[in-house]
Amino acid sequence: TTELMDNYIACFAHVLSDSFYPVLPRAIGVGSAFEGWSPREQDVVYRVLIPMTPPRGHSFHLELDSAGQRHVRNFRVRVQLECTCSREQQADKMLCFLHHPEEELRSNQDPSLLDTLCTDSYLDVHKTARWLYQVVRAVWPALPQSHSWHLKLLPSTRSCQIQVTNGTESFRIEMLLGVQRDDSHIFVSSQPREAYTPSTTWPETYAVAETEFFKHIARQAPPDSLHLKCLQFFTRLQLGFGFSTYTTKTIVMHLLNVEPVSSWRRRDLLLRLVDISESLRLCVQAKRLNHFIVGNWRLPEDITLPRDVQMDKRNNLFHHLAQQSTAHTQAIGEYQVL
């Protein structure tokens, strides 16, 4: 998957070099498949986040959507035209979108990003995903994988999902688009968080920071560490219950952040599984499970957060248990069965 995406990004750079579409740097593998613990190995989806940077003559400005829910952070990506009348950019024979007449621009230059992938000056997820589909399909014949693999495009409105098969093997890949927040490991992403997410809404994602955390742990872990096996086992065990895999992942990340990595060896398997189970019980009882990234001051130094993410104390993954007594009663019952 990594090799395929590297080939795609190299072709994107060539095809889009003179365009006014977003610039697509190297894709970042995120989620359970790249972290090494997927509970469903038989139908795993390889998710990659493709960062976007603005093309020439444009800039991106992230605006927090205050109308959203209290426990989620949604943004809009405002696209702004920038003056390109400087001597360096005139050497590229690029007309300034701000200061050249519209008729001249229309006759001699491709449309701006505002005219192609935006709605009311805001980057539109649906339009951007459709554009990525078109580029992925157009570039495929130029990739070395196209000689021995078959590409199938899968339906999606907020990402580009593909399946590649060669007769014996099959891989599903989901390409999410994102914009980085400052120079941090936090992005806003095309992946939806609610059942209906408006097309100009880009939810904040912590997937890159979480993947970086697992890389940090891997660099310290002994060769026989079973922290990923513990996570995989417990998430598979609770499939079909009301607890999400993200709940278990969050609990394990908290434990990894306070327990020495040396205490996750093979001989410690049962103790660590009991720790995970007991942590889940305590969180259900307290109706509170703190988000691992948001508001966490104890992250490794190499994981960078925007200040507002680090300072936020409101993100309780079990807020619904505190608000709904029936949900809390059900969670207690499901934990006892589990």
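Thresholds, definitions, all that
Residues numbered from 1 in each chain as written. Predicted model: local features only at pLDDT ≥ 70, side-chain atom pairs only at ≥ 80, totals over all residues. Heavy atoms only, no water. Core = buried A, V, L, I, M, F, W, Y, C linked by side-chain atoms within 4.5 Å. Buried < 20%, exposed > 50% of the residue type's maximum accessible area, 1.4 Å probe, protein only. Helix = DSSP H or I, 4+ residues; strand = E, 2+ residues; numbered from the N terminus. Axes fitted to C-alpha atoms, helices over the stretch in contact; angles between N-to-C directions. Parallel < 35°, antiparallel > 145°, perpendicular 65-115°, else oblique. Left-handed = near helix turned anticlockwise from the far one by under 90°. Contact = heavy atoms within 4.5 Å. Domains from an automatic or database assignment. Buried area = accessible area lost by both parts, 1.4 Å probe. Salt bridge = Lys/Arg side-chain N within 4 Å of Asp/Glu carboxyl O.

### Here's the deal with the nonpolar core
- Counting 39 residues, the largest nonpolar core has Tyr 8, Phe 12, Leu 24, Leu 123, Leu 132, Ile 162 and Met 175 as its most contacted members.
- Counting residues per element, the ones that place at least two in this core are helix 1 (2-15), strand 2 (45-51), strand 4 (74-81), helix 6 (125-139), strand 8 (160-165) and strand 9 (170-180).
- Element by element, the count of residues in this core is highest for helix 6, at 7 residues.

### Thoughts on the packing of helix 10 (residues 269-286) against helix 13 (residues 325-337)
- Viewed as axis vectors pointing N to C, helix 10 and helix 13 meet at an angle of 160 degrees, and their least axial separation amounts to 10 Å. Considered as vectors, helix 10 and helix 13 are oriented roughly antiparallel to each other. Classified by chirality, the crossing of helix 13 by helix 10 is left-handed. For the pair helix 10 and helix 13, contact is made by Ser 277, Glu 278, Leu 280, Arg 281, Val 284 and Gln 285 and by His 328, Ala 331, Ile 332 and Tyr 335, respectively.

### Points about unusual backbone geometry
- We note that Asp 120 has phi near 55 degrees; this positive angle belongs to a residue other than glycine.
- Along the chain, Asp 120 turns up in the loop between strand 5 (118-119) and strand 6 (122-123).
- Using a relative accessible area of 67% as the deciding quantity, one classes Asp 120 as exposed.
- Despite not being glycine, Lys 287 shows a phi value in the positive range, around 60 degrees.
- In this structure, Lys 287 sits in the loop between helix 10 and helix 11 (307-311).
- Given the relative accessible area of 31%, Lys 287 is considered partly exposed.

### Points about the domain arrangement of the chain
- Looking at the assigned domains, one finds that the chain contains domain 1 (1-205) and domain 2 (221-337).
- For domain 1 and domain 2, the distance between their C-alpha centres works out to 31 Å.
- Each partner contributes to the interface: domain 1 provides 17 residues, whereas domain 2 provides 22 residues.
- Between domain 1 and domain 2 the total buried area reaches about 1,700 Å² when both faces are included, carbon and sulfur atoms providing 54% of it.
- Taken together, domain 1 and domain 2 are joined by 4 salt bridges.
- Where Lys 249 meets Glu 35, a salt bridge forms, and the shortest distance between an N and an O atom there is 3.2 Å.

### Some points on the pattern of salt bridges
- Under the criterion given, the structure shown has 16 salt bridges.
- Its salt-bridge partner being Arg 265, residue Asp 224 comes within 3.0 Å of it at the nearest N-O pair. Remark: Arg 265 occurs in the loop between helix 9 (245-258) and helix 10 and Asp 224 occurs in the loop between helix 7 (207-220) and helix 8 (227-237); sequence separation between them is 41 residues.
- Since its relative accessible area comes to 25%, Arg 265 is described here as partly exposed.
- One network of salt bridges, with partners in common, ties together Arg 73, Arg 181, Glu 204, Asp 308 and Asp 312.

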